[in-house]
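# A structural walkthrough
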Amino acid sequence: MTSSEGQEGWNVSPPSDRAWKGRPGRTRDALAAEQDRAAGGRGRRAVPLPAGGFARASVELKVLPRTRRIRAYLRWSEHGKSPAKYLGEVDRPTRAQNLAAAWSIARVKGLVLDEEPLEPESGASSPAVRAVMKANKGSNTKPELRLRSLLHRAGLRYRVNSRPLEDLRRTADIVFLKPRVAVFVDGCFWHGCPEHHRPASRNSEFWQQKIEANQQRDAETNARLEGEGWTVIRVWEHEDPVLAAELVLNTVRAAK
């Protein structure tokens, strides 16, 4: 269907909801992921700001009753306000296609950057590396929350992000004090997962040293805790949380 054919048809009847409306009840993360896919990646949603820096934009689709056509707008947040720029009309059959078409218009008009710039203080070598670093946050990650939920549902009570030993400046993700069991949920990126870690193509020596230092620190933590009579369980973030919960549950019960 050509653009002119689609718009001529919409003069007679409005476009279907699937061409522009999103499903109700979606989370903020789901909406952001939809925009990321349409733009070709989160790093391609950056709008340069007049005072410097950038804001991450989103595309909004609207249907005007008079024209019965889908209009696309680029929106972002700037100093507490929500500016918007009209991009144009889109006439694809699905919302995903119309969002992608709108992002293409924004790029052609020069309204968004080809790649989100790095902050001056960032240690990442590229926006892609920075995205991985941000996704691998230090605590309360999704794998941790899932594992904690399963353990709580099984009747276990524990401390989170706590030091197993007061004089050891290391925190475990889940700590069972009386049975002396410490659980760590290790991120594949930061801890060098043998299955998923891939050596960086840029600044490879820096990242190799960083990962090796983390692995050495993990080994030292294990040795110190085990030397004080603790049982240490390490779970990779990619592992099945149900199996991980089973392992922790059995270990805690045996220790009791």
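All of the points below concern the structure found in this document. (Residues numbered from 1 in each chain as written. Predicted model: local features only at pLDDT ≥ 70, side-chain atom pairs only at ≥ 80, totals over all residues. Heavy atoms only, no water.)

### Notes on the packing of helix α2 (residues 28-39) against helix α3 (residues 95-108)
Between α2 and α3, whose axes approach to 8 Å, the crossing angle comes to 60 degrees. The angle between α2 and α3 places the two elements in the oblique class. Relative to α3, α2 is oriented so that their crossing is right-handed. Touching E34, Q35, A38 and A39 of α2 are R95, L99, A100, W103 and R107, all from α3. Broken down by class, the residue content of the contact of α2 with α3 amounts to five nonpolar, one polar and three charged. (Axes fitted to C-alpha atoms, helices over the stretch in contact; angles between N-to-C directions. Helix = DSSP H or I, 4+ residues; strand = E, 2+ residues; numbered from the N terminus. Parallel < 35°, antiparallel > 145°, perpendicular 65-115°, else oblique. Left-handed = near helix turned anticlockwise from the far one by under 90°. Contact = heavy atoms within 4.5 Å. Nonpolar A, V, L, I, M, F, W, Y, C, P; charged D, E, K, R; others polar.)

### Considering a negative patch on the surface
Residues E195, E239, D240 and E246 make up a contiguous surface patch of negative charge. Counting through the fold element by element, E195 comes out in the loop between α6 (188-191) and α7 (204-227). (Patch = residues over 30% accessible without salt bridge, like charges linked within 9 Å, V, L, I, M, F, W, Y side chains within 5 Å. Areas by Shrake-Rupley, 256 points an atom, 1.4 Å probe, with all protein chains shown as cover. Salt bridge = Lys/Arg side-chain N within 4 Å of Asp/Glu carboxyl O. Lys, Arg positive; Asp, Glu negative; His and termini not counted. Charge placed at Lys NZ, Arg CZ, Asp CG, Glu CD.)

### Some remarks on unusual backbone geometry
The phi dihedral of H79 is positive, around 55 degrees, even though this residue is not glycine. Looking at the secondary structure, you find H79 in the loop between β4 (70-75) and β5 (84-90). Exposure remark for H79: the relative accessible area of 71% places this residue in the exposed category. Of note, the phi angle at N161 is positive, near 50 degrees, even though the residue is not glycine. With respect to the helices and strands, N161 occurs in strand β6 (residues 159-162). Its relative accessible area of 30% is what places N161 among the partly exposed residues. (Buried < 20%, exposed > 50% of the residue type's maximum accessible area, 1.4 Å probe, protein only.)

### Looking at the packing of helix α5 (residues 142-153) against helix α8 (residues 241-255)
Between α5 and α8, the least distance of the axes is 9 Å, while the angle of their chain directions is 50 degrees. By the angle between their directions, the pair α5 and α8 is classed as oblique. For the pair α5 and α8, the crossing hand works out as right-handed. Listed contacts from α8 to R146, L147, L150 and L151 of α5 are P241, V242, A244, A245, V248 and L249. Residue composition of the contact of α5 with α8, grouped by class: nine nonpolar, no polar and one charged.

### Concerning the nonpolar core
In terms of nonpolar packing, the biggest core is built from 23 residues, with V59, L61, L74, W76, L87 and W103 touching the most fellow members. Of all the secondary structure elements, the ones that give two or more residues to this core are α2, β3 (58-63), β4, β5 and α3. If you tally residues by element for this core, the top one is α3, at five residues. Excluding residues within four positions of it along the chain, W76 makes contact with V47, L49, A55, R56, A57, K81, S82, P83 and K85. Counting residues in each nonpolar core, the second largest holds 16 residues, with L147, I174, V181 and L249 among its members. (Core = buried A, V, L, I, M, F, W, Y, C linked by side-chain atoms within 4.5 Å.)

### Focus: the pattern of salt bridges
Under the definition given, this model contains 12 salt bridges. Among the ionic pairs, D91 bridges to R92, the shortest N-O distance being 3.3 Å. Taking the relative accessible area as the measure of exposure, R92 reaches 38% and is therefore partly exposed. With a closest N to O distance of 3.1 Å, D186 and R234 form a salt bridge. With D186 in strand β8 (residues 181-186) and R234 in strand β9 (residues 231-236), the pair connects residues that are 48 residues apart, well separated along the chain. On the basis of relative accessible area, R234 is assigned to the partly exposed category, the value being 24%. Each of R26, E34 and R95 takes part in salt bridges that share partners, so that together they form one network.

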